[in-house]
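# Structural overview for review
Chain by chain, the residues:
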Amino acid sequence: CRTGDERVLDIVAEVERYLDEELAIALPRGVDYGIWVNEAEYLESRISLLVKNGRLGLLLVIVALALFLNLRLAFWTAVGIFLSFAGVFAIMAAVGVSINMMSLFGFILAIGIVVDDAIVVGENIYAEREKGTRRLDASVRGTLRVSVPVTFAVLTTVAAFTPLLFIPGTIGKFLNVIPVIVISVLLLSLVEALFILPFHLSHLPPPEEEKPIRFLGWFYRLQEGIQTALQRFVDGPLDRAVRFSVRRWGLVLVGSLSVLLLVAGLVAGRYIRFSLLPEIEGEEVIAYLELPEGTTSERTAELADYIERAGLTAALELEATLDDDQPPLVEGVFTSVGQRPSIASQPGLTANPTFVQSNIAELSFRLSDPEVRDLPAVEFENAWRAAVGPIPDARTLTFSAQLINLGAPVAVELSHPDTVGLNAAVPALVDRLRRIAGVIDVRDDRGQGKRELELQLKPAARSLGITLDDLARQVRGAFFGNEALRLQRGRDEVRVYVRLPEDERNTLADLQNYRIRGATGGEVPLSEVAELSFGTGSSTIRRIDGRRIVTITADVNRAVLTGQEVNTALEATILPELQNDFPGLRYAFGGEQREQALALGGLGRGFGMALLAIYALLAIPFRSYVQPLIIMASIPLGFIGAALGHLIMGLDLGMLSMFGIVGLSGVVVNDSLVLIDFVNERHRAGLPMPQAILEGTKARFRPILLTSITTFLGVFPIIIERSTQAQFLVPMAVSLGYGILFATVILMLAVPALAMMNYVATEKVRGFFGRRRRNVDLGWVGEG
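Quick notes on the rules
Residues numbered from 1 in each chain as written. Predicted model: local features only at pLDDT ≥ 70, side-chain atom pairs only at ≥ 80, totals over all residues. Heavy atoms only, no water. Helix = DSSP H or I, 4+ residues; strand = E, 2+ residues; numbered from the N terminus. Buried < 20%, exposed > 50% of the residue type's maximum accessible area, 1.4 Å probe, protein only. Contact = heavy atoms within 4.5 Å. Areas by Shrake-Rupley, 256 points an atom, 1.4 Å probe, with all protein chains shown as cover. Pairing = 2+ DSSP bridges. Expected span 1.5 Å × (residues − 1). Bend = angle between axes of the 7 residues up to and from the residue. Axes fitted to C-alpha atoms, helices over the stretch in contact; angles between N-to-C directions. Parallel < 35°, antiparallel > 145°, perpendicular 65-115°, else oblique. Nonpolar A, V, L, I, M, F, W, Y, C, P; charged D, E, K, R; others polar. Phe/Tyr/Trp six-rings, centres within 6.5 Å; stacked < 30°, edge-to-face > 60°. Lys NZ or Arg CZ within 6 Å of the ring centre and 35° of its normal. Patch = residues over 30% accessible without salt bridge, like charges linked within 9 Å, V, L, I, M, F, W, Y side chains within 5 Å. Salt bridge = Lys/Arg side-chain N within 4 Å of Asp/Glu carboxyl O. Lys, Arg positive; Asp, Glu negative; His and termini not counted. Charge placed at Lys NZ, Arg CZ, Asp CG, Glu CD. pLDDT = per-residue confidence, 0-100. Arc of directions from axis to C-beta. Core = buried A, V, L, I, M, F, W, Y, C linked by side-chain atoms within 4.5 Å. Left-handed = near helix turned anticlockwise from the far one by under 90°.

All right, on to the overall build of the protein chain then. Each helix and strand in the protein chain was counted, giving 24 helices and 17 strands. A total of 784 residues make up the protein chain; the buried ones form 48% of that total. Partitioning the intrachain contacts of the protein chain with sequence separation of at least 6 by distance along the chain shows that 78% fall at a separation of at least 24. For the protein chain, the exposed surface amounts to about 38,300 Å²; the carbon and sulfur share of it is 57%.

Note that Leu-485 resides in strand 10 (residues 482-489). Linking Leu-485 and Val-498, residues 13 residues apart in sequence, is a C-alpha distance of 9.4 Å. Filtering out sequence-adjacent residues up to four positions away, Leu-485 remains in contact with Val-494, Arg-495 and Val-496.

This paragraph deals with the pairing of strand 11 (residues 492-498). Pairing between strand 10 and strand 11: 7 bridges, direction antiparallel. Its bridge partner lying in strand 11, Leu-487 is registered against Val-494.

Moving on, we come to helix 6 (residues 135-161). Taking 1.5 Å of rise per residue, the 27 residues of helix 6 would be expected to cover 39 Å, and the 36 Å separating its terminal C-alpha atoms lies within 8% of that figure. Ser-147 marks where helix 6 bends most, by close to 50°; the proline Pro-149 follows one to four residues later.

The geometry of helix 9 (residues 217-247) relative to helix 10 (residues 249-268) is characterised by a closest axis approach of 5 Å and an angle of 100° between their N-to-C directions. Taken as axis vectors, helix 9 and helix 10 run roughly perpendicular relative to one another. Residue-level contacts link Phe-244, Ser-245, Val-246 and Arg-247 of helix 9 to Trp-249, Leu-251 and Val-252 of helix 10. For the contact of helix 9 with helix 10, a count of residues per class yields 5 nonpolar, 1 polar and 1 charged.

Turning to the packing of aromatic side chains, a few remarks are in order. What the rule picks out here adds up to 13 aromatic pairs. Note on Phe-712 and Phe-716: the rings are 5.5 Å apart at their centroids and 40° apart in plane angle, and the pair reads as tilted. Residue Phe-712 and its partner Phe-716 are both found in helix 23 (residues 689-719); the two are separated by 4 residues, about one turn of the helix. Note on Phe-712: relative accessible area 14%, which makes it buried. Since its relative accessible area comes to 28%, Phe-716 is described here as partly exposed. Linked through ring pairs, Phe-365, Phe-380, Trp-384 and Phe-399 together constitute an aromatic cluster. A cation over a ring is seen here: Arg-145 above Phe-678, with NZ or CZ 4.6 Å from the ring centre. The positively charged end of Arg-700 is found above the aromatic ring belonging to Phe-678, 4.1 Å away from the centroid.

All right, on to the environment of Leu-230 then. Topologically, Leu-230 is positioned in helix 9. Ignoring sequence-local partners within four residues, the contact set of Leu-230 consists of Phe-68, Phe-701, Arg-702 and Leu-705.

With 8 of its 10 residues buried, strand 16 (residues 547-556) lies for the most part within the structure. Two strands pair when backbone bridges link them, and strand 7 (residues 410-415) and strand 16 are joined in this way by 6 bridges, in the antiparallel orientation. Paired with Leu-414 across the strands is Val-550, a residue of strand 16. Looking at chain direction, strand 8 (residues 439-444) and strand 16 are connected through 4 bridges and run antiparallel. Directly across from Arg-443, in strand 16, lies its bridge partner Thr-553.

The next thing to look at is a negative patch on the surface. There is a patch of like negative charges on the surface, built from Asp-323, Asp-324, Asp-325 and Asp-374. You can see Asp-325 is positioned in the loop between helix 11 (297-319) and strand 4 (330-337). Looking at Asp-325, the relative accessible area reads 63%, which means it is exposed.

A few words on the confidence of the model for the protein chain. For the protein chain, the mean per-residue pLDDT works out to 80, and 89% of the residues sit at or above 70. Confidence scores differ between elements of the protein chain, with strand 1 (residues 2-3) showing the lowest mean pLDDT of 39 and helix 11 the highest of 90. Ignoring residues within four places in sequence, the model shows residues 1-6, a span with pLDDT below 50, making 9 contacts including any to other chains. Here residues 344-353 is modelled with pLDDT under 50, and outside its nearest four sequence neighbours on either side it reaches 14 contacts, counting other chains as well.

Taking 1.5 Å as the rise per residue, helix 15 (residues 468-479) with 12 residues should run 16 Å; its terminal C-alpha atoms sit 17 Å apart, in good agreement. Among the residues of helix 15, Asp-470, Leu-471, Gln-474, Val-475, Gly-477 and Ala-478 are the ones counted as buried. Buried residues along helix 15 cover an arc of 160° about the axis, so they all sit on one side. Phi for Gly-481, located one or two positions after helix 15, is positive at around 120°.

This paragraph deals with a nonpolar patch on the surface. Together, Leu-83, Val-191, Phe-195 and Ile-196 make up a nonpolar patch on the protein surface, roughly 370 Å² of accessible area in all. Sorting elements by how many residues they give to the nonpolar patch places helix 8 (residues 177-201) first, with 3 residues. Within the secondary structure, Val-191 sits in helix 8.

In this structure, Ile-178 and Phe-659 are the most contacted members of the largest nonpolar core, which totals 134 residues. With 19 residues, the top contributor of residues to this core is helix 24 (residues 730-768). Ignoring anything within four residues of it in the chain, the contact list for Ile-178 reads Met-102, Phe-105, Gly-106, Leu-109 and Met-732. Of all hydrophobic cores here, the second largest spans 26 residues; its members include Ala-304, Ala-310, Val-388 and Phe-399.

Glancing now at unusual backbone geometry. Phi angles above zero are rare outside glycine, and Asp-441 is one such case at about 55°. With respect to the helices, strands and loops of the structure, Asp-441 is situated in strand 8. Residues other than glycine seldom take positive phi values, yet Arg-623 does so here, at roughly 50°. If you trace the backbone, Arg-623 turns up in the loop between helix 19 (591-622) and helix 20 (627-632).

Okay, the pattern of salt bridges next. In this structure the tally under the stated criterion is 22 salt bridges. The shortest N-O distance in the salt bridge between Arg-273 and Asp-652 comes to 3.9 Å. Highlighted residues: Arg-273 in the loop between helix 10 and strand 3 (281-290) and Asp-652 in the loop between helix 21 (635-649) and helix 22 (655-684), separated in sequence by 379 residues. Ionic pairing is found between Glu-493 and Arg-486, a salt bridge with its closest N-O pair at 3.3 Å. What makes Glu-493 partly exposed here is its relative accessible area of 47%.

What follows deals with the packing of helix 3 (residues 71-95) against helix 5 (residues 115-130). One way to put it is that helix 3 packs onto helix 5 with a least axis distance of 10 Å and a crossing angle of 150°. The angle between the axes of helix 3 and helix 5 places the two elements in the roughly antiparallel class. For the crossing formed where helix 3 meets helix 5, the hand is right-handed. Between helix 3 and helix 5, the contacting residues are Leu-73, Thr-77 and Ile-81 on the first element and Val-115, Ala-118, Ile-119, Gly-122, Glu-123 and Tyr-126 on the second. Looking at the contact of helix 3 with helix 5 residue by residue, the classes come out as 6 nonpolar, 2 polar and 1 charged.

Now for the side chain of Ser-84. Take Ser-84: it is sitting in helix 3. Overall, Ser-84 belongs to the buried group, its relative accessible area being 1%. Those residues in contact with Ser-84 that sit more than four places away from it in its chain are Val-114, Val-185, Leu-188, Ser-189 and Glu-192.

Dropping the structure here:
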């Protein structure tokens, strides 16, 4: 993270040193200074937060490996994580990715995923050693046995994360570093698992010759207890569950589909709500005031002072409700008249931050650290809004406590061929929005300019051959002037304009009496050929594809409803009704809705291509068109866990949740792939398919369970993190962590049922076409 040859944090430290040691001395007596914005504080906070959570996640993963695996095997598996991460730093330098919040979160996501292939390879090598195979031969045989499924498992996970590289819009630019890190770690971990890990394990002594470490006797007893309990579970409940899945595969599949539909119903019924981004409060609450064009800066400053006093009053009332040990709610206030200092950091706004306007003001209340105070910033925002109340003169008065703003939650762009129809439709929509409970700060962007005189031709003008263009050019020339000639004065060129004398163009009567020349050369008073009326001009006119556009925006109280719910109501009923009332009216969504549509559209297209790539990759090792579908059927199972995780944590589904679900699909496919591969191996060895499914599932349960546990533990510190800096990342971690836990439980039942369904269907097709049909005997499944 560098600017020039200096690190950003070093530059900040140097600036602070200059302020403390040099500027403080040079300032006149009574003049003080303070740093209002220091982005380096956020950078330091986020880096330290993610490094702390990364260390904790890595520790939890290593402990899980040690509890379930041989200690030496767990050690070398953990070493693979460090080697993979070390290699990624070289890739980051090559592609220009810096160490920042997103890249560090990519490392945290990869902690649990990266050990999957190492666990499978290491376990298989260790199993060969337990059979009595020599060290080198055990490493070679164990690695070769699983090299194909491990390779394709990593490739399918890479394919699942690839769509995240190509998400369009602001969100895609912000998050695309995460898949870069995860994909790099996965590919390097594959190399480590296939070539480096076998070498390390080939030097380990045979299991019977291993000498226990003396001071770890308690740990060996704990490990032995866990292994015994795990084996008891595999031979007991898991054995019975898999037998039931094989025997009653139809019931299991219907049950799995029912659970999926139930969770989808929770989302459709808004029990699990959807919003583009989580509501993350910042340290500042900002009020923006816009008054009519022509308002003096003195009047604007007067109202800004009133809003500031109302905010301070609201803060004192809220502080009275807090505990005595709470810090002061407000640390500072910054008021700007004529400009919006925060505009550059808000992608949803497009005004020029350097353009001075006397009719606007912005007030920023800096609150105490959100990790220290108990009062949410949104409560101060609501209290401040209530304390200010309506301001009759204001065209716009908005309040915001959001840290990240991709635009207004509700933004509708209206256009109409007729300006009169457009101006009538806008207040109608504004009125409908204000009736919806929870919708606040409704406004439109029609900027009213100064008063102006409007000229409209009378029928008599046509008979005289006077057009509207003639009228406009002659009036402009008389009152503004026509260019007569240009004079050269040194290096400058001076334009000379000719117009009426000042005493003939300073009253309305002068305009009415001004004589307009007709096509035949005759002259008539302007009042004879045109009607004069007063009107208000537009300060700004926005057009898209030649159509005049007016944008209506609104904020929402997320405790009541989300922007997605308001936009759904607009599209379903309100806007179609307006189109019936105003024929020719067209609309489009902007703000968060546009970002959401852009990102979801790109994610949907990319995920579709990823599914096709995953299917093609799976078809290669299995040499089947059906078995890849069985494996990919596990992908929706991950959505069940992700959605229920959001329900448990009280979170809304959003774009970041979708990112986690897309990445989760690759991890779920890995587990299913290795399971089906072992089932096929048992079946090729001569076991009946039902028995092959049972033995293959039981044999792969431990590595699948360990993969799920390590993936969950890798992101668990982020899931439970309550720091403001981490709330942006929690939905993605919840999708991945909870998704893999729930998916593993359902996976151990649904995948055996799918495999059995495929086998029964294949045998029936063979019998239908007259081929020799094998005996599908399920009687043994009820035993044991």
